[in-house]
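# A closer look at the structure
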Amino acid sequence: MKIHDISMMLNSDVAEWPGDTPFQFQLNWTKQQSGSVNVGQIMTSTHIGTHIDAPFHFDEQGKKVHELPLENYIVDAIVIDVSEQDVISRESLQEVRTGKAKAVLFRTSAWNKRAVFPDRIPVFEVGVVGWMVENGIVLFGVDLPSVDAITSKNLPMHHALGTAGRYILEGLVLDEIKEGTYQLIALPLKIEGADGSPVRAVLVEQVHF
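Described in the following lines is the structure provided in the data block. All values reported here derive from a predicted model rather than from experimental measurement. (Residues numbered from 1 in each chain as written. Predicted model: local features only at pLDDT ≥ 70, side-chain atom pairs only at ≥ 80, totals over all residues. Heavy atoms only, no water.)

Let us look at the sheet that holds strand S5 (residues 74-81). Through backbone hydrogen bonds, the strands of a sheet pair up, either in parallel or in antiparallel fashion. Pairing is mixed across the open sheet formed by 9 strands, whose spatial order is S1-S13-S11-S5-S7-S9-S10-S4-S12. Where the open sheet ends on each side, the last strands, each with one partner, are strand S1 (2-5) and strand S12 (196-198). Each strand of the sheet is rotated relative to its neighbour by a mean of 30 degrees, with strand direction disregarded. Inspection of the sheet shows strand S4 (residues 51-53) paired to strand S10 (residues 167-170) by 3 bridges, in the antiparallel sense. Bridging across to S10, Asp53 finds its partner in Ile168. This element, helix H2 (residues 127-134), spans S5, strand S7 (103-107) and strand S9 (139-142) of the sheet and lies at about 130 degrees to S9. Strands in contact with helix H3 (residues 156-163) are S4, S9 and S10; relative to S10, the strand with the most contacts, it is inclined by about 140 degrees. (Pairing = 2+ DSSP bridges. Helix = DSSP H or I, 4+ residues; strand = E, 2+ residues; numbered from the N terminus. Axes fitted to C-alpha atoms, helices over the stretch in contact; angles between N-to-C directions. Contact = heavy atoms within 4.5 Å.)

This brings us to H2. Turning to H2, its buried residues are Val128, Val129, Trp131 and Met132. Here the buried residues of H2 occupy an arc of 155 degrees about the axis, which is enough to place them on one side. Along its buried surface, H2 packs onto S5, strand S6 (87-88), S7, S9 and H3. In the segment just after H2, Gly136 is the residue with positive phi, at about 70 degrees. (Buried < 20%, exposed > 50% of the residue type's maximum accessible area, 1.4 Å probe, protein only. Arc of directions from axis to C-beta.)

Turning next to the pairing of S9. Side chains Leu139 and Gly141 project from S9 onto one buried face, and the interleaved Phe140 and Val142 project onto a second face that is buried too. As defined by bridge partners, S7 adjoins S9 across 4 bridges and the pair is classed as parallel. Residue pairing in the sheet places Ala103 in a bridge with Leu139 of S9. Across 3 bridges, S9 lies against S10 in parallel orientation. Across the sheet, the residue bridging to Gly141 is Leu169, located in S10. At this point the chain moves from S9, through H3, to the parallel S10, and the crossover so formed is right-handed. (Right-handed = clockwise from strand over helix to strand, strands pointing away.)

The following block contains the structure:
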């Protein structure tokens, strides 16, 4: 078994969405101050780094993080390389065989300098959601800060995924991951009422000798 960490490092270099809360970590108490332990403090956005979007993020009536079905975040996942495409459509995926996968993770390779928030990212057409439904895919993952265009205000992919009962995982690090099927583990924190949550996402690869 080989474990691939596909999470962004959380530190002062990680790029937040423009205007959102940057990541900050500091020691609130040092061992010298407390006499026994170091205790840290974190301040950040619920959408920092590698994270999930709860439907409540874009839908006032949508599920919040503590209401999400956890079985959708421990699933077989297929990694697909679409790094040569500016627009990913349903037609782009016609030859893909998903097998038993319940998650699809798209490697676009469009956000390699993750300390800099991108001005532009590849666009997914909403027809991709229909392809997911037909193939029994419940989780949509990208190596991008959003499943929609950076400048989008109506968020067509977010809403199409939400309407179809599908879930969103953003900010993955898939640079060194080959196409194929893995077990994905990307559990959100149990934050009551939250619109999103950072995750530690990993892919488990079964290695045969």
